[in-house]
Amino acid sequence: MEAPAAPHNPAEPAEITVTSPEQMRELGRRLAKLLRAGDLVMLTGELGAGKTTLTRGLGEGLGVRGAVTSPTFVIARVHPSLGDGPPLVHVDAYRLSGGLEEMEDLDLDVSLPDSVIVVEWGEGKVEELTEDRLQVRIHRAVGDTTDEVRHVTVTGLGERWAGTDLSVLSA
């Protein structure tokens, strides 16, 4: 009789409060330390929530070439590593209406094993790429945009993130 597979323990989501764009970049730099080639990071949040600012910090933490800016009009931008780390593929799926079919044109499935892929506005569009992904939700007050406070929830999904201590992001 075969023993049942041991269930993997999902990582506890990390809840982080960020009060400035520099803190959001620093969160990205800390997050980069947890990432490796093959990781998919999905960023969700309202316009102006800080998704690109977080990704800029990720790029700094990963040591990639080029300024990380919003790829809204080019859809995807590749930032090669300046060292021996993985390249960063930064995707903005905001203007893409389709699901994975439209995303397939970007060949993300080909890039995924060798890269860290960050997808802004990817919810409902890229989940089929892999069961292992990091979901980052950024909440901000709507209306009064002078408020810099953001509430960030980082959730690890799949076996890759099982048991990962995401609380290090709160440091």
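Here the structure is a predicted model, which is why all the values come from computation and not from measurement.

Q: In this structure, what is going on with the sheet that holds strand β7 (residues 150–157)? I would like to understand it.
A: Two pairing modes exist for strands in a sheet, parallel and antiparallel, and in both the strands are linked by backbone hydrogen bonds. One open sheet holds the 7 strands; their spatial order is β1-β7-β6-β2-β5-β4-β3, and the pairing between them is mixed. Unpaired on one side and paired on the other, β1 (14–18) and β3 (76–79) mark the two borders of the sheet. The sheet shows a mean angle of 15° between the axes of neighbouring strands, direction not considered. Of the strand pairs in this sheet, strand β6 (residues 133–140) and β7 are connected by 8 bridges, and their pairing is antiparallel.

Q: Explain the nonpolar core to me, please; I cannot follow it from the model alone.
A: Nonpolar side chains in soluble globular proteins generally cluster together in the buried interior. Ile16, Leu27, Leu35, Leu134, Val136, Val152 and Val154 are the most contacted members of the largest nonpolar core, which has 27 residues in total. Sorting the residues of this core by element identifies β1, α1 (21–32), β2 (40–45), α2 (51–62), β5 (116–120), β6 and β7 as the ones contributing at least two each. With 4 residues, α1 is the largest single contributor of residues to this core. Ile16 has contacts with Leu27, Arg150, His151, Val152, Val154, Leu169 and Ser170, leaving out every residue within four places of it along the chain. Core analysis: the second largest hydrophobic core is formed by 9 residues, Leu40, Val91, Ala93 and Val126 among them.

Q: Help me understand the pattern of salt bridges, please; the structure alone is not making it clear to me.
A: Think of it this way: side chains of opposite charge can pair up when their charged atoms draw near. Taken as a whole, this structure holds 7 salt bridges when the rule is applied. Linking Arg137 and Glu123 is a salt bridge whose minimum nitrogen-to-oxygen distance equals 2.7 Å. Of the two residues, Arg137 sits in strand β6 while Glu123 sits in the loop between β5 and β6, which places them 14 residues apart along the sequence. Relative accessible area serves as the criterion here: at 30%, Arg137 is assigned to the partly exposed category. Where salt bridges share partners, they join Glu22, Arg25, Glu26, Arg29, Arg30 and Glu60 into one cluster.

Q: When you look at the environment of Glu22 in this model, what are you seeing that I'm missing?
A: Residue placement: Glu22 occurs in helix α1. We classify Glu22 as partly exposed; its relative accessible area is 43%. Through-space distance from the C-alpha of Glu22 to that of Gly57 is 8.8 Å; in sequence the pair is 35 residues apart.

Q: I'm lost on the pairing of β1 in this one. Help?
A: The side chains of a regular strand alternate, residue by residue, between the two faces of the sheet. Where burial is concerned, the two faces of β1 differ: the one with Ala14, Ile16 and Val18 is buried and the one with Glu15 and Thr17 is not. Where β1 and β7 come together, 5 bridges link them in antiparallel fashion. Each residue of the ladder has a partner; that of Ala14, found in β7, is Val154.

Q: Help me understand α1, please; the structure alone is not making it clear to me.
A: Each turn of an α-helix holds 3.6 residues, which means side chains three or four residues apart point in the same direction. Helix length check: α1 (12 residues) gives 17 Å between terminal C-alpha atoms against 16 Å at 1.5 Å per residue, within 8%. The inward-facing, buried residues of α1 contact β1, α2, β6 and β7.

Q: For this particular structure, what's the right way to read α2?
A: The terminal C-alpha atoms of α2 lie 16 Å apart, and with 12 residues this matches the ideal 16 Å at 1.5 Å per residue to within 8%. In terms of residue burial, α2 counts as a mostly covered element, since 9 of its 12 residues are buried. At its buried positions, α2 is contacted by α1, β2, β4 (88–92), β5 and β6.

Q: Help me understand the packing of aromatic side chains in this model?
A: Two numbers describe a pair of aromatic rings. These are the distance of the centres and the angle of the planes. Summed over all chains, the structure comprises 0 aromatic pairs. If you follow Arg160 out to its NZ or CZ, it ends over the ring of Trp161, 3.9 Å from the centre.

Q: Is there a simple way to explain unusual backbone geometry in this structure?
A: Note on backbone geometry: most residues besides glycine have negative phi, and most peptide bonds are trans. We note that Trp121 has phi near 60°; this positive angle belongs to a residue other than glycine. Structurally, the position occupied by Trp121 is in the loop between β5 and β6. Accessibility expressed as a relative area gives 24% for Trp121, which makes it partly exposed.

Q: Quick question: what am I supposed to make of the environment of Gly158 here?
A: Relative to the helices and strands, Gly158 is located in the segment after β7. For Gly158, a relative accessible area of 25% puts it in the partly exposed group. Placed 28 residues apart in sequence, Gly158 and Thr130 show a C-alpha to C-alpha distance of 8.6 Å.

Each value, and the rule that gives it
Residues numbered from 1 in each chain as written. Predicted model: local features only at pLDDT ≥ 70, side-chain atom pairs only at ≥ 80, totals over all residues. Heavy atoms only, no water. Pairing = 2+ DSSP bridges. Helix = DSSP H or I, 4+ residues; strand = E, 2+ residues; numbered from the N terminus. Axes fitted to C-alpha atoms, helices over the stretch in contact; angles between N-to-C directions. Core = buried A, V, L, I, M, F, W, Y, C linked by side-chain atoms within 4.5 Å. Buried < 20%, exposed > 50% of the residue type's maximum accessible area, 1.4 Å probe, protein only. Contact = heavy atoms within 4.5 Å. Salt bridge = Lys/Arg side-chain N within 4 Å of Asp/Glu carboxyl O. Expected span 1.5 Å × (residues − 1). Phe/Tyr/Trp six-rings, centres within 6.5 Å; stacked < 30°, edge-to-face > 60°. Lys NZ or Arg CZ within 6 Å of the ring centre and 35° of its normal.

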